[in-house]
Amino acid sequence: MPANKKLLILPGDGIGPEVMHQVERVIEWFDKRRIATFDVTEDLVGGAAYDAHGTPLHNDTMRRALEADAVLFGAVGGPKWESLPFGLRPERGLLRLRKEMDLFANLRPAMVFDALIGASTLRPEVIRGLDIMIVRELTGGVYFGEPRGIETLPDGTRRGVNTQVYTTPEIVRVARVAFELARKRHGKVHSVEKANVMESGELWREEVQKLRDAEYPDIELHHMYADNCAMQLVRNPKQFDVIVTDNLFGDLLSDCAAMLTGSLGMLPSASLGAADSSGRRRALYEPVHGSAPDIAGQNKANPLACLLSFAMMLRYSFDMGQEASLVENAVKRALDAGVRTADLVQGGTKTVSCSEMGDAILKELDRLA
Ligand code: IPM
Ligand code: MG
């Protein structure tokens with residue numbers, strides 16, 4: 001028997017715990033069916049960790065994350081913690097996990113389920129069959145660049161500074177992930193920056209092109225400015241296969257892409273590090289939606305992005321493609337059957353709660369297994 005897979009679950013704040021609870025039910029289902037057993041540890045992150053320990057990520061939690069085979073993350077943040085000093089805010093917990101686990105490649109797939117075509121604000125023909133993979137650089141750029149800070153000037157006014165910075169290795173390693181994914185998909189990559197106004201964008205463009213010419217001549221590479229990409233995503237999103245972009249543009253463009261699929265509540269993500277000599281990668285999986293404090297604790301949230309993140313974990317961390325498809329199919333069938341949380345509701349469908357969506361997924365899993 002191979003050792004059980006070590007999973008660290010960090011539900012976090014807001015709707016994080018309630019959507020994560022539905023994933024825990026699916027983990028129990030896998031265990032009961034003897035499909036897979038996970039050694040699960042749960043811990044605090046974000047505002048919840050701050051309330052308990054005075055820090056958004058305790059050092060013990062950081063250590064557990066580094067030792068785990070995979071981390072499942074819910075969401076962090078909320079009005080309660082917004083006035084804390086910058087370094088203690090809930091988001092710092094997530095950013096520290098990304099940085100110290102060196103999770104440089106963030107995969108955010110935007111896929112439209114047929115049953116949800118009517119839930120999108122775009123016309124059906126624009127989004128039917130949509131399948132985009134956004135690869136966002138996650139440990140560099142303006143999120144981490146130095147110098148940063150707010151200073152008071154001699155005249156009493158203040159100055160806020162952040163730095164956008166990228167090096168060749170940082171660009172090359174994330175571009176490589178995008179090219180490899182494109183090879184398994186439709187062979188097309190759009191590299192997105194603002195080379196027209198930023199030197200870091202010019203470097204990005206040159207390095208991505210060099211890598212393509214040297215190692216991926218089979219891939220069709222396009223360069224696009226980030227503002228144009230935002231426009232093209234709503235004008236004609238099906239022109240894209242894989243998009244590779246920096247940390248900040250990736251943050252914006254993935255929210256935009258999420259809405260093409262009908263709801264921010266549908267988008268999962270995987271954050272991956274480099275493979276070590278044994279092929280093991282550090283990895284964290286999280287829904288792209290945030291903590292949604294306005295609906296937290298009301299059992300209204302859509303747990304599907306979190307469940308689909310769990311499916312990505314099965315596929316990318318544990319090479320369990322079949323089991324991942326099982327979860328994805330259960331989601332598809334529940335949606336086909338008209339099961340909708342409030343964010344997805346259309347005329348003629350009935351609204352279910354977060355836990356009722358969980359019930360529906362378990363019922364579909366029973367049927368499929
Ligand atoms: C995301 C989020 C985070 C980010 C926040 C919560 C720090 O918006 O994962 O997209 O900006 O990266
Ligand atoms: Mg974001």
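This is a predicted model, so every value here is computed, not measured. (Residues numbered from 1 in each chain as written. Chains lettered and ligands numbered in written order. Predicted model: local features only at pLDDT ≥ 70, side-chain atom pairs only at ≥ 80, totals over all residues. Heavy atoms only, no water.)

(A) Geometry of unusual backbone geometry. Cis peptide bonds are those with omega within 30 degrees of zero, and the linkage from E146 to P147 qualifies with 0°. Of note, P147 is situated in the loop between β5 (131–137) and β6 (149–152). The backbone of R34 shows a phi angle near 55°, a positive value even though the residue is not glycine. Note that R34 resides in the loop between α1 (16–32) and β2 (38–42). (Helix = DSSP H or I, 4+ residues; strand = E, 2+ residues; numbered from the N terminus.)

(B) Geometry of the pairing of strand β9 (residues 220–225). Direction of pairing for strand β8 (residues 188–193) relative to β9: parallel, over a ladder of six bridges. Counterpart to V189 in the pairing with β9 is L221. (Pairing = 2+ DSSP bridges.)

(C) Structural view of the sheet that holds strand β4 (residues 105–111). Judged by pairing direction, the sheet is mixed, and its 10 strands sit side by side in the order β2-β1-β3-β12-β11-β4-β5-β10-β8-β9 without closing on themselves. Single-partner strands in this sheet number two, and they are β2 and β9. Going from strand to strand, the sheet's axes swing by 20° on average, the running direction of each strand aside. Bridge count for strand β1 (residues 5–12) against β2 is five bridges, and the pairing is parallel. Each residue of the ladder has a partner; that of L8, found in β2, is T41. Across the sheet, helix α4 (residues 90–100) is in contact with β1, β3 (70–75), β4, β5 and β12 (281–285); its angle to β3 comes to roughly 160°. The strands touched by helix α7 (residues 199–215) are β5, β8, β9 and β10 (242–245); relative to β9, the strand with the most contacts, the crossing angle is about 175°. (Axes fitted to C-alpha atoms, helices over the stretch in contact; angles between N-to-C directions. Contact = heavy atoms within 4.5 Å.)

(D) Representation of α4. Those residues of α4 that fall on the buried side of the exposure criterion are P90, G93, L94, L95, L97 and R98. Backbone geometry just downstream of α4 places D102 in the positive-phi region, at approximately 55°. (Buried < 20%, exposed > 50% of the residue type's maximum accessible area, 1.4 Å probe, protein only.)

(E) Looking closely at the packing of aromatic side chains. For the structure on display, the rule yields six aromatic pairs. Summarising the aromatic geometry, the rings of F179 and Y216 are spaced 4.9 Å apart at their centres and angled 25° between planes, so their arrangement reads as stacked. You can see F179 sitting in helix α6 (residues 168–184) and its partner Y216 sitting in the loop between α7 and β9, a full 37 residues away along the chain. Under the relative-accessibility criterion, Y216 is labelled buried at 2%. The structure contains a cluster of three or more aromatic residues connected by ring pairs, namely W29, F30, F38, F310 and F318. In this structure, K5 is placed above the aromatic ring of F318, and the distance from its NZ or CZ to the ring centre is 5.8 Å. Directly above the ring of F144 sits K99, whose terminal nitrogen or CZ lies 4.7 Å from the centroid. (Phe/Tyr/Trp six-rings, centres within 6.5 Å; stacked < 30°, edge-to-face > 60°. Lys NZ or Arg CZ within 6 Å of the ring centre and 35° of its normal.)

(F) Structural context of helix α12 (residues 354–368). Its 15 residues place the ends of α12 21 Å apart at the C-alpha level, agreeing with the 21 Å of an ideal helix rising 1.5 Å per residue. Of all the positions in α12, only C354, M357, G358, A360, I361, L362, E364 and L365 are classed as buried. (Expected span 1.5 Å × (residues − 1).)

(G) Main features of the environment of A49. Mapped onto the elements, A49 comes out in helix α2 (residues 47–53). Sequence separation between A49 and V76 is 27 residues; the distance between their C-alpha atoms is 9.9 Å. Residues in contact with A49, not counting those within four places in the same chain, are L44, G54, T55, P56 and L57.

(H) Quick look at the state of the cysteines. Using the criterion set out here, one finds zero disulfides in the structure. Lacking any disulfide linkage, C229 is separated from the closest cysteine sulfur, that of C256, by 7.9 Å. Take C229: its relative accessible area is 0%, and that puts it in the buried class. C306 provides the cysteine sulfur closest to C354, a residue in no disulfide bond, and the two sulfurs are 9.0 Å apart. (Disulfide = S-S within 2.5 Å.)

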